[in-house]
Amino acid sequence: MSKNLPYIMPSPQPQVEEAFAAYQTTHHFYHEVRSRSEFQRYCEWYYTTAEQHRQELKRMRGELNIFQWFRRR
């Protein structure tokens, strides 16, 4: 690929390599930022859902258990 590079982008080789290096660094940076943001949103959703489930379980434990009547022997 490097031997075909002058035909794709006719500029001195060091400038092209610097431009590609800057692009690649920027691309990796934004990919990392996006990945961390998605993980943070997932963690927030998980903790919110877990708290809702804890509250539901607490309410369910306080309710009358009808199934216990049918299971008596």
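Structural data are supplied above this passage.
Residues numbered from 1 in each chain as written. Predicted model: local features only at pLDDT ≥ 70, side-chain atom pairs only at ≥ 80, totals over all residues. Heavy atoms only, no water.

**Thoughts on the pattern of salt bridges**
Tallying each qualifying case throughout the model produces 2 salt bridges. E32 serves as the salt-bridge partner of R36, at 2.7 Å between the closest nitrogen and oxygen. Here the residue R36 and the residue E32 both occupy positions in helix α2 (residues 13-62), the gap between them amounting to 4 residues, near one helical turn. Relative accessible area serves as the criterion here: at 39%, E32 is assigned to the partly exposed category. For R54, the salt bridge is made with E51, and the minimal N-O distance between the two is 2.7 Å. Remark: E51 and R54 occur in helix α2; sequence separation between them is 3 residues, near one turn of the helix. (Salt bridge = Lys/Arg side-chain N within 4 Å of Asp/Glu carboxyl O. Helix = DSSP H or I, 4+ residues; strand = E, 2+ residues; numbered from the N terminus. Buried < 20%, exposed > 50% of the residue type's maximum accessible area, 1.4 Å probe, protein only.)

**Observations concerning the packing of aromatic side chains**
Applying the stated rule across the entire model yields 4 aromatic pairs. Ring geometry for Y42 versus Y46: centroids 6.2 Å apart, planes at 35°, classification tilted. Residue Y42 and its partner Y46 are both found in helix α2; the two are separated by 4 residues, about one turn of the helix. On the accessibility criterion, Y42 (44% relative accessible area) is partly exposed. Each ring, one from Y46 and one from Y47, has its centre 6.0 Å from the other, and the planes form 80°; the classification is edge-to-face. A residue is classified by how much of its surface remains accessible, and Y46, at 44% relative accessible area, is partly exposed. An aromatic cluster of at least three residues, connected via ring pairs, comprises Y42, W45, Y46 and Y47. (Phe/Tyr/Trp six-rings, centres within 6.5 Å; stacked < 30°, edge-to-face > 60°.)

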